[in-house]
Amino acid sequence: MKRLNYTLSCCLAVFAFGLFALAPAALQAQYCEGPINAADDEWITNVTFADVNHSTAFGVSTANTINATANVTTGEAVDFTVEVFTDSDFGFDEAIVIYFDFDNDFVFETSLDLGLIEDVTTAGAIFDENSAPSGSNTVTMPSTPGTYRMRVVLDFFGPVPGPCNADNTSSFKDSEDYEIVVTDGGGGGNDPTCDDGIQNGDETGVDCGGSCAPCATCDDGIQNGDETGVDCGGSCAPCQVTCESFQLTLNFDDFAAETSWQLTDLDGTLIDSDGGFSSADDFTTNVEDFCLDPGCYEFTIFDSFGDGICCDYGEGSYSLTDSDGNVIGSGGAFGGSETTFFCTDPGPDCVAPIASATVVPYCNNGVFMIMVNLGSLGSANTVTIANSGGQPALQNVFFPRRYFVGPFQAGEVVDLFIYDQENSACNVRIEGLTDNCNNSLSTPGNLTSETTLNEISVFPNPTAGDVNVNLGSIFGQEANIRIMNAVGQLIEERQIDAVENVTERFDLSNQQAGMYFIHVDVAGGESHVERVILG
């Protein structure tokens, strides 16, 4: 339903006199009186621009007074949005025009037409660039700093006849006045600041340089500005890609839903995985791309039925390749699962650790130990000695010497993996270590004399607190371990009925720095004393 526009011409003189009598004192006398709502049917309820977001309750008149003050900068492009509500469930047509006095002559000579919206109801309407006939709700602020007046005028049906109440004889209207403070430095003042979003004052860039913080550069050694990395990306040179590309190609058999895979790092952290395949993927090819940080990884493919992806129900296969197209792992007939261990390029700074290993059999116990002769850490500060046999890895190893790993069951085949803890791709592998206790001794590397196999050792030495006592040479025997300080006081004693662990670990972190003695007494009279420095 549309309401007819009408005027109360017969009573205009009396009505106008009443309106002038009600005008707030805050209005400067030189400005014409703004249109005042006399019909109580439509109201300006919100005006948003710059740092102003001013709301007025429906039915409350705030005409002819400054509702809020905005702070902008010279030449700034400012967007304006006005919200209007009516009391009609059927809707009234409403128009909005915003007027500006940018030369302070008390005449609104600049205007922004935000257009007319039909059938504005109790749900309200937003006047912005979408309603504006020009398609824009933006006004550029003056180039001269100063304080200026702005007036928002609402009129029923339109067009808006002007910024003054005298221009509009209709009762269905409303207006609100605002103040705009324009500065050349932002923030409501005339002085430049280091956070006003423009380059001014003695700044050499936007809010930087001169008396502000230094501007971001592409050679300052930190990530700042629009950089996506340290001194690279954004407006600087592109960042170099440090990860290495790999590609997995899966050719499914007739039961793709049985296939899944995962990619983990050496700590077992899941990097990526997929198992959401269905019958729709049968006999199709799936390609996955990875970009992996320097290090070593394990790729495992699974088949839930346990018959792999080849060859009873189709010629399925998988292939894992590096960026040069080299095949790292492949197959298809793998039963329930198959794991491929691989590493990225270790980089030009890598010097791999140097090590050899000797198998030490304990056939009476049906096990064997592996003695690792770590000759050099290479470029590493610390290394980890890991194994494929499920025994705990020796971590934070920082001193070249002999270390024992195990025990492993006779006949088990064990691989050793010794790697830089800061770059696991910088490593050395010793594979195929085993002993089946039929006098066949597998001894990759240098075979050590029997006397070295009977030595007890401690590591790390010096230590910050943790001490490992290597007992591999007395595996299965009864032993007593005592730790004494330099004046002969007993710090800790441990009785072991049968040595089952390669190493016994002690914590000396609550002791004073100095020299300590570790006594290992083996049943049958064999005794060993090792010194360790705590510091």
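Quick look at the structure, then. Because the structure is a prediction, the values reported are computed rather than measured.

### So, the overall build of the protein chain
Counting its secondary structure elements, the protein chain contains two helices and 34 strands. Considering the protein chain as a whole, with its 535 residues, one finds that 43% of them fall into the buried category. Of all intrachain contacts in the protein chain linking residues separated by at least 6 positions in sequence, the fraction that spans at least 24 positions is 63%. In the structure as shown, the protein chain presents an accessible area of about 25,600 Å², 49% of it carried by carbon and sulfur atoms.

### Topic: unusual backbone geometry
A cis amide bond links C310 to the next residue, C311, at an omega of 25 degrees. You can see C311 is positioned in strand β16 (residues 310-311). The omega torsion across G406 and P407 is 0 degrees, close enough to zero to call that bond cis. As for its position among the elements, P407 is in strand β25 (residues 402-409). Phi is positive for N64, close to 65 degrees, though the residue is something other than glycine.

### Looking at the sheet that holds strand β34 (residues 527-534)
Pairing in this open sheet of four strands is antiparallel, and the strands run β31-β30-β33-β34 from one edge to the other. The sheet is open, and its two edges are formed by β31 (490-496) and β34, each paired on a single side. When strand polarity is set aside, the average angle formed by the axes of neighbouring strands in this sheet is 15 degrees. The pairing of strand β30 (residues 479-485) with strand β33 (residues 514-522) spans seven bridges and is antiparallel. Note that in β33 the partner of R482 across the bridge is H519.

### Structural notes on the side chain of H54
Residue placement: H54 occurs in strand β2 (residues 52-55). A distance of 3.2 Å separates the side chain of H54 from the side chain of N67, its partner in a polar contact. Apart from residues no more than four positions distant in its own chain, H54 is found in contact with T45, N46, V47, N67, A68, E176 and Y178.

### What about the environment of G316?
Residue placement: G316 occurs in the loop between β17 (314-315) and β18 (317-322). Residue class for G316 comes out buried when judged on its relative accessible area of 4%. Residues G316 and D253 lie 63 residues apart in sequence; the distance between their C-alpha atoms is 4.5 Å. Each residue touching G316, except ones within four places of it in the same chain, is listed here: N251, F252, D253, I309, C310 and G332.

### Considering the environment of G91
With respect to the helices, strands and loops of the structure, G91 is situated in the loop between β4 (77-86) and β5 (92-101). The class of G91 is buried, set by a relative accessible area of 0%. In this structure the C-alpha to C-alpha distance between G91 and D119, which are 28 residues apart in sequence, comes to 3.7 Å.

### Quick word on the packing of aromatic side chains
Within this structure, the stated rule accounts for 23 aromatic pairs. Seen from their ring centres, F255 and Y313 are 5.2 Å apart, and the 90 degrees between their planes marks the pair as edge-to-face. Placement of F255 in the loop between β11 (244-251) and β12 (259-265) and of Y313 in the loop between β16 and β17 is noted, with a sequence separation of 58 residues between them. Using a relative accessible area of 36% as the deciding quantity, one classes F255 as partly exposed.

### Examining the state of the cysteines
Should the sulfur atoms of two cysteines be covalently bonded, the bond is a disulfide. Under the definition given, this model contains nine disulfides. The side chain of C296 participates in a disulfide bridge whose partner is C343; the two sulfur atoms lie 1.9 Å from each other. Residues C296 and C343 are joined by a disulfide whose S-S torsion is about 100 degrees; by sign, that bridge is right-handed. A residue pair is termed long-range when its members are at least 10 positions apart, and C296 in strand β15 (residues 296-303) and C343 in strand β20 (residues 337-343) qualify at 47 residues. When its relative accessible area of 2% is taken as the criterion, C296 is described as buried.

### What about the sheet that holds strand β10 (residues 173-183)?
Strand order in the open sheet formed by five strands is β3-β10-β9-β5-β6, with mixed pairing between adjacent strands. Looking at which strands have only one partner, the edges of the open sheet turn out to be β3 (66-73) and β6 (110-120). For this sheet, the mean inter-axis angle between neighbouring strands, taken without regard to orientation, is 20 degrees.

### Here we look at the environment of D231
Along the chain, D231 falls in the loop between β10 and β11. Measuring from C-alpha to C-alpha, the distance between D231 and D220 comes to 6.9 Å, with eleven residues separating the pair along the chain. The residues contacting D231, other than those within four sequence positions of it, are T217, C218, D219, D220, G221, I222 and C236. In this structure the side chain of D231 is engaged in a polar contact, spanning 2.7 Å, whose partner is the backbone nitrogen of G221.

About the thresholds
- Residues numbered from 1 in each chain as written.
- Predicted model: local features only at pLDDT ≥ 70, side-chain atom pairs only at ≥ 80, totals over all residues.
- Heavy atoms only, no water.
- Helix = DSSP H or I, 4+ residues; strand = E, 2+ residues; numbered from the N terminus.
- Buried < 20%, exposed > 50% of the residue type's maximum accessible area, 1.4 Å probe, protein only.
- Contact = heavy atoms within 4.5 Å.
- Areas by Shrake-Rupley, 256 points an atom, 1.4 Å probe, with all protein chains shown as cover.
- Pairing = 2+ DSSP bridges.
- Axes fitted to C-alpha atoms, helices over the stretch in contact; angles between N-to-C directions.
- Polar contact = N/O pair within 3.5 Å; in protein donor to acceptor, adjacent residues only side chain to side chain.
- Phe/Tyr/Trp six-rings, centres within 6.5 Å; stacked < 30°, edge-to-face > 60°.
- Disulfide = S-S within 2.5 Å.

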